[in-house]
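Examination of the molecular architecture
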Amino acid sequence: MIDLRYVREHPDLVRASQRARGADDSLVDALIAADADRRAAVGAADDLRSAQKAASLAVRGASAEGRPAVLERAKALAAQVKDAEEAERAADAALRTAHLALANVVADGVPPGGEDDAVTLRTVGEVPEYDFPVRDHLEIGELLGAIDMERGAKVSGARFYFLTGPGALLEFALAQLAISRAVAAGFTPVVAPALVRPEAMEGTGFLGEHDEEVYRVERDDLYLVGTSEVALAGMHMNEVLDLSAGPRRYAGWSSCFRREAGSYGKDTKGIIRVHWFDKVEMFSFCPPADAAAEHLRLLQWEEEFLTALELPYRVVDIAAGDLGTSAARKFDIEAWFPSQGTYRELTSTSDCTTFQARRLSIRYRDAEGRTQVAATLNGTLCAVARTIACLLEVHQRADGSVHVPPALRPWLGGHELLTPGMSLAAVSGPGVPAPAAPTR
RNA sequence: GGAGGCUUCGCCUAGUCCGGUCUAUGGCGCCGCACUGCUAAUGCGGUUUGGGUUAAUCCCCAUCCCGGGUUCAAAUCCCGGAGCCUCCGCCA
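Computed from a prediction, not measured in an experiment: that's the story for all the values here.

With respect to the overall build of chain A
In terms of helices and strands, chain A carries 12 helices and 18 strands. Projected onto its principal axes, the C-alpha positions of chain A cover 110 × 55 × 45 Å. Expressed as a percentage of the 440 residues in chain A, the buried residues total 46%. Put simply, of all contacts in chain A between residues at least 6 apart along the chain, 71% involve residues at least 24 apart. Working note: accessible area of chain A is about 21,100 Å², and carbon and sulfur atoms make up 52% of it. On chain A, the mean spot of the 47 positive side-chain charges and the mean spot of the 63 negative ones are 5 Å from each other.

Spelled out as structure tokens, the structure:
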């Protein structure tokens, strides 16, 4: 939800933002009208309630003979209040509808246009060259015994998979690396629920246009999250945070579930686009004035993570028409996928300014001690399945083995290569004693 | 799944049986002022959160977990829901 005061004071800027998104700018005027209606209705109902309260008190003080008349008057006012409150409710609902219809105000500097108009800010790392025919991540995964799509489909259907052997170990290695780096950077690590109540889903803006993307557990009126952003934002709903020591940062781990409705035929091979994956998500609460700077910090942490994995990538500034409802600005990092000969989205970070926090009522105390709406930001540190896909492809060798970046080695038994048929018993992690020599 | 208890303005708490200056009690904490070599102690005052109105103040309305209902009037009575706790059952 955007700030109503801002809409009142700068309707032209909000209209421009709507146009930049390719959305209807007349919604702004509808919102302003609904706001005026509501305030009129509230004023009328308040005045009537005030009169009725006085009348009601008069009933108590009335003499025996004056009482019937006073009571009559109080009853009449009560009826009027009832009507006025009905009108107030209607005006409230109309305002809410108009309010929810508006997406966040696009930040200054966001490129105009739609999906194809993202601006590449920089390209980092060399696109690798291979002197052998490259395999896609599924072929490599199958050679390594790391990915099993067929059995995933047998058990759960299309777009489900098993990570097996080295694939499973890779998941944990990535999780450890991501969480460790986040903790070192000052994030509070969080294991977040993947099943949330409607308020959290709605507050983060996922029941609007993304409604079709979301799994709903009807029986219990719960939703499966598409990202731990939902649980992390919901964590502090209806709270006043202390942000005097700087942004409050969380690194959340959870499974993520997406119906992928409307993506039939897209990325059907492998684990790039799946109904379920695990993810380490960064989430930050900060004063709105710091949000843009915080956004760049999240982006930097994302870049450092990919650099540690030795993955070539580019950073793109998403155009206004392609922003999510809650985002004022969004940067994606796209990593190189050799089998596709192109960069594909691996992580994404959004500055939601006060849009989510206003809905969720997440506030902080400013220097003067007043409560203000906080800003929220989110960024992927590691979406595991897709990252594994990218790693396998980029670091593949002619013989089907895969180079392990040094950053991951501590959790993969120190190995420099994952090789088809390798013994997993040798792939121990820190804290695990070396396997005992076989006794016979 | 079953039974019972609980939820009050940052924290604790009175009030709920029996509806009406509850415009919510008291303590702690916090803020201001006074007093005092300093600190402490003490005294006085303030201290929920939203909304409406306003240049600002004043004022008005709402708010006792949430949503309905009864009533001239609801923290208080009735119905529905949520959360927490205890016990039983089941379960990793």
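Anyway, onward from the coordinates.
Considering the sheet that holds strand E8 (residues 239-241)
An order of E8-E14-E15 is seen for the 3 strands of this open sheet, with the pairing classed as mixed. Either end of the sheet is taken by a strand with one partner, and the two such strands are E8 and strand E15 (371-373). Within this sheet the neighbouring strands show an average axis-to-axis angle of 40°, counted without direction. Of the pairings in the sheet, the one linking E8 to strand E14 (residues 362-365) comprises 3 bridges and is parallel in character. Residue pairing in the sheet places Val-240 in a bridge with Arg-363 of E14.

Digging into the layout of surface pockets
Rolled over the atoms, a probe as big as a water molecule pinpoints where empty space is left. The space that makes up the second largest pocket amounts to roughly 420 Å³. Here the element with the most residues in the lining of the second largest pocket is helix H2 (residues 11-20); it accounts for 4 residues. Each of domain 1 (4-100) and domain 2 (115-422) accounts for three or more of the residues forming the lining of the second largest pocket.

Observations concerning empty space enclosed by the protein
A complete count under the given rule lists 1 cavity of 30 Å³ or more for this structure. Of the voids in this model, the largest cavity is the one considered here, and its volume is about 50 Å³. Forming the boundary of the largest cavity are Leu-170, Leu-391, Leu-392, Val-402, His-403, Val-404, Pro-405, Leu-408, Leu-412 and Leu-418. Sorting the residues of the lining of the largest cavity by element identifies helix H12 (384-394) and strand E17 (402-403) as the ones contributing at least two each. The residue makeup of the lining of the largest cavity, split by class, is 9 nonpolar, 1 polar and no charged.

Section: a negative patch on the surface
Among the surface-exposed residues, Glu-115, Asp-116, Asp-117 and Asp-322 lie close enough to one another that they form a single negatively charged patch. The exposure class of Asp-117 is partly exposed, given its relative accessible area of 39%.

A few points about the packing of aromatic side chains
Applying the stated rule across the entire model yields 6 aromatic pairs. Here Tyr-250 and Phe-285 contribute two aromatic rings whose centre-to-centre distance is 6.2 Å and whose plane-to-plane angle is 85°, an arrangement assigned as edge-to-face. Highlighted residues: Tyr-250 in strand E9 (residues 248-257) and Phe-285 in strand E10 (residues 276-286), separated in sequence by 35 residues. By relative accessible area, Phe-285 is classed as buried at 0%. By the ring-pair criterion, three or more aromatic residues cluster together here, those being Tyr-250, Phe-283 and Phe-285.

A look at the side chain of Thr-349
Tracing the chain through its elements places Thr-349 in strand E13 (residues 342-351). Taking relative accessible area as the criterion, Thr-349 reaches 0% and is therefore assigned buried. A distance of 2.8 Å separates a polar side-chain atom of Thr-349 from the backbone oxygen of Asn-378. Beyond its immediate sequence surroundings of up to four residues, Thr-349 is in contact with His-295, Leu-298, Leu-299, Glu-302, Arg-329, Lys-330, Phe-331, Asn-378 and Gly-379.

Some points on H12
Where burial is concerned, most of H12 is hidden: 11 out of the 11 residues are buried. Those residues of H12 lying buried are Val-384, Ala-385, Arg-386, Thr-387, Ile-388, Ala-389, Cys-390, Leu-391, Leu-392, Glu-393 and Val-394.

Some details on the UniProt feature "domain: Aminoacyl-transfer RNA synthetases class-II family profile" (unreviewed entry) in chain A
UniProt marks residues 136-405 with the feature "domain: Aminoacyl-transfer RNA synthetases class-II family profile" (unreviewed entry), using the numbering shown here. The span residues 136-405 shows a helical share of 31% and a strand share of 30%, and its end C-alpha atoms are spaced 19 Å apart.

Here's the deal with the pattern of salt bridges
This structure, assessed with the given rule, holds 23 salt bridges. For the salt bridge of Asp-148 with Arg-151, the shortest nitrogen-to-oxygen distance reads 2.7 Å. A relative accessible area of 16% places Asp-148 in the buried class. In this structure, Asp-221 and Arg-216 form a salt bridge, with 3.2 Å as the shortest nitrogen-oxygen distance. For Arg-216, a relative accessible area of 45% puts it in the partly exposed group.

Considerations on the protein's contact with RNA strand B
Near RNA strand B lie 19 residues; those nearest to it are Asp-46, Arg-60, Lys-75, Arg-363 and Thr-371. A distance of 3.3 Å separates a phosphate oxygen of RNA strand B from a polar atom in the side chain of Gln-52. Within the contact set of RNA strand B, a sugar or linking oxygen lies 3.3 Å away from a side-chain nitrogen or oxygen of Arg-197. Secondary-structure elements contributing two or more residues to the surface near RNA strand B are helix H3 (26-61) and helix H4 (67-100). Broken down by element, the residue count for the surface near RNA strand B peaks at 11 residues, all from H3. Partitioned by chemical class, the residues of the surface near RNA strand B number 5 nonpolar, 4 polar and 10 charged.

Remarks on the UniProt feature "binding site: ATP" (unreviewed entry) in chain A
Here, the residues flagged by UniProt with the feature "binding site: ATP" (unreviewed entry) are Arg-258, Arg-259, Glu-260, Val-274, His-275, Trp-276, Phe-277, Glu-345, Leu-346, Thr-347 and Ser-348. Along the polypeptide, Arg-258 turns up in the loop between E9 and E10. When neighbours within four sequence positions are excluded, Arg-258 is seen to be in contact with Glu-213, Tyr-215, Gly-226, Thr-227, Val-274, His-275, Phe-277 and Lys-279. There is a polar contact of 2.8 Å between the side chain of Arg-258 and the backbone oxygen of Gly-226.

Procedures and definitions
Position numbers for residues start from 1 in each chain and track the written sequence from start to end. Working convention: letters from A go to chains and numbers from 1 go to ligands, in the order in which they are written. In keeping with the model being predicted, local features are shown solely for residues with a pLDDT of at least 70 and side-chain atom pairs are shown and tallied solely at 80 or more, while totals for entire chains, interfaces and linings include all residues. With hydrogens and water excluded, all non-hydrogen atoms of the structure serve as input to the side-chain values. Helix and strand definitions here come from DSSP, where helices need a minimum of 4 consecutive H or I residues and strands a minimum of 2 consecutive E residues; each element is numbered from the N-terminal end. Think of it in three bands: with a 1.4 Å probe and only protein chains considered, a residue is buried below 20% of the maximum accessible area for its type, exposed above 50%, and partly exposed in between. The contact definition used throughout considers only heavy atoms, calling two residues in contact when any of these lie within 4.5 Å. Note that accessible areas follow from Shrake-Rupley with a 1.4 Å probe, and for residues the cover is restricted to the protein chains shown. For this count, His and the chain ends are skipped, Lys and Arg are scored as positive, and Asp and Glu as negative. Each charge is placed at NZ for Lys, CZ for Arg, CG for Asp and CD for Glu. When DSSP finds two or more bridges between two strands, those strands count as paired. Every axis in this analysis is a line fitted to C-alpha atoms, fitted for helices over the stretch in contact. Angles between the N-to-C directions lie between 0 and 180 degrees. Only protein atoms enter the 1 Å grid used here. Points where a 1.4 Å probe fits but cannot escape make up a cavity, open sets with protein on both sides within 12 Å along at least five of seven lines make up a pocket, and a residue lines them when an atom lies within 4 Å of a point. Grid points are joined across faces, edges and corners, and a volume is the space filled by probe spheres set on the points. Domains are outlined according to an automatic or database domain assignment. Note on residue categories: nonpolar means Ala, Val, Leu, Ile, Met, Phe, Trp, Tyr, Cys or Pro, charged means Asp, Glu, Lys or Arg, and polar means any other residue, Gly included. To count toward a patch, a residue needs a relative accessible area above 30% and no salt bridge. Like charges then connect within 9 Å, nonpolar side chains (Val, Leu, Ile, Met, Phe, Trp, Tyr) within 5 Å. Think of a salt bridge as a Lys or Arg side-chain nitrogen and an Asp or Glu carboxyl oxygen that are within 4 Å of each other. Two aromatic rings from Phe, Tyr or Trp, using only the six-membered ring of Trp, form a pair when their centres are within 6.5 Å; if the ring planes differ by under 30 degrees the pair is stacked, by over 60 it is edge-to-face, and anything between is tilted. What qualifies as a polar contact is a pair of N or O atoms within 3.5 Å, subject to a donor-acceptor requirement within protein and to the restriction that residues adjacent in sequence count only when both atoms come from side chains. UniProt positions are given in the numbering used here, feature names are shortened, and annotations may be inferred rather than shown by experiment. Throughout, near means a residue has at least one heavy atom within 4 Å of the molecule or strand.

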